[in-house]
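# Examination of the molecular architecture
As a plain string of letters, each chain reads:
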Amino acid sequence: MSGLLIAMCGLDGAGKTTQIGMLTKWFEHNNVQLYNTKQPTDQYRNDPRVRSYLDNGHVHDMRVIAMLSAADRITHMYDLEQRLDAGIHIISDRYIYSSYAYFKVRGMDINDIKNLYGSIRKPDLTVFLDIKPEITIKRIQARDGHLKYEEKDPSIFMNVREAFRTVLPEDALIIDGERDPQDIHSEIVLNVKTIISAKGGYSYGVK
Ligand SMILES: Nc1ncnc2c1ncn2[C@@H]1O[C@H](COP(=O)(O)OP(=O)(O)OP(=O)(O)O)[C@@H](O)[C@H]1O
Ligand SMILES: [Mg+2]
């Protein structure tokens with residue numbers, strides 16, 4: 001069986017890292033080979049044009065930032081495809097859907113954004129940890145308080161949350177990210193097990 005691609009999506013502070021950590025332990029407990037990754041890569045984040053936009057809101061043409069994001073994610077997919085073909089499961093911290101949602105909010109046409117990506121692999125499981133914008137802000141403040149330029153207007157979180165709902169795949173697992181972390185984890189594991197058995201993979205013991 002080829003590896004499962006699991007995408008963990010959500011607003012800042014939604015609990016992605018927390019759930020990825022728990023799911024990683026679950027895979028390790030079951031002796032399954034796993035590769036953890038994140039999108040976009042630091043190459044995108046460190047590009048001076050991207051930094052200038054994220055830090056100061058400077059951009060000549062939003063398509064340039066969108067193209068840099070797409071180039072980064074498409075390149076990253078080459079690497080992931082090989083691992084999936086080798087039967088390795090992958091958890092991706094964020095996926096193309098955050099690019100779709102953010103660039104939609106930044107004023108681009110959704111079809112123009114999607115055209116940049118072409119036919120990119122749909123994850124076997126897309127998890128969207130859904131939290132209210134005010135919870136995002138609270139969690140960011142509790143972490144380090146650092147806000148990107150565009151996050152200084154808190155309506156961005158509401159708009160991105162709305163946009164996510166329109167761009168996620170139909171079979172995305174939308175979970176209330178304000179529930180107890182252990183409950184969220186159990187729901188994700190249940191879905192992972194179902195998908196593995198549907199793909200004809202081995203079954204795991206209950207943790
Ligand atoms: N279900 C939950 N209930 C309450 N607090 C949570 C929950 N999940 C995570 N947290 C807390 O919220 C904060 C942000 O969590 P985490 O770092 O996992 O989010 P994230 O989605 O990875 O954030 P970022 O987008 O900034 O990487 C942490 O302090 C974490 O302990
Ligand atoms: Mg994180």
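A brief look at the structure comes next. Worth saying up front: this structure is predicted, and the values here are computed from it rather than measured.

### Overview of the sheet that holds strand 1 (residues 5-10)
With parallel pairing, the 5 strands of this open sheet are ordered in space as 2-3-1-4-5. Pairing within the sheet leaves two strands with one partner each, and these edge strands are strand 2 (34-38) and strand 5 (173-176). Neighbour-to-neighbour, the strand axes of this sheet turn through a mean angle of 20°, independent of strand direction. Here strand 4 (residues 125-130) pairs with strand 5 via 4 bridges, running parallel. Note on strand 5: the bridge partner recorded for Asp130 is Asp176.

### A look at the environment of Ser69
Tracing the chain through its elements places Ser69 in helix 4 (residues 62-85). Among the residues examined, Ser69 registers a relative accessible area of 1% and is labelled buried. Looking at Ser69, its side chain comes within polar contact range of the side chain of Ser99, at 3.3 Å.

### Regarding empty space enclosed by the protein
Rolled over the atoms, a probe with the dimensions of a water molecule shows which regions are left empty. Scanning the entire structure with this criterion turns up 1 cavity of 30 Å³ or more. Of the volumes computed, that of the largest cavity is approximately 220 Å³. Taken together, 15 residues line the largest cavity, and the ones lying closest to its centre are Pro40, Tyr44, Arg45, Tyr102 and Arg106. Broken down by secondary-structure element, the contributors of at least two residues to the lining of the largest cavity are helix 2 (42-45), helix 4 and helix 5 (96-105). No other element matches helix 5, which puts 4 residues into the lining of the largest cavity.

Reading the values: the criteria
- Residues numbered from 1 in each chain as written.
- Chains lettered and ligands numbered in written order.
- Predicted model: local features only at pLDDT ≥ 70, side-chain atom pairs only at ≥ 80, totals over all residues.
- Heavy atoms only, no water.
- Pairing = 2+ DSSP bridges.
- Helix = DSSP H or I, 4+ residues; strand = E, 2+ residues; numbered from the N terminus.
- Axes fitted to C-alpha atoms, helices over the stretch in contact; angles between N-to-C directions.
- Buried < 20%, exposed > 50% of the residue type's maximum accessible area, 1.4 Å probe, protein only.
- Polar contact = N/O pair within 3.5 Å; in protein donor to acceptor, adjacent residues only side chain to side chain.
- 1 Å grid on protein atoms, 1.4 Å probe; cavity = no way out; pocket = protein on both sides within 12 Å on 5 of 7 lines; lining within 4 Å.
- Points joined across faces, edges and corners; volume = space filled by probe spheres on them.

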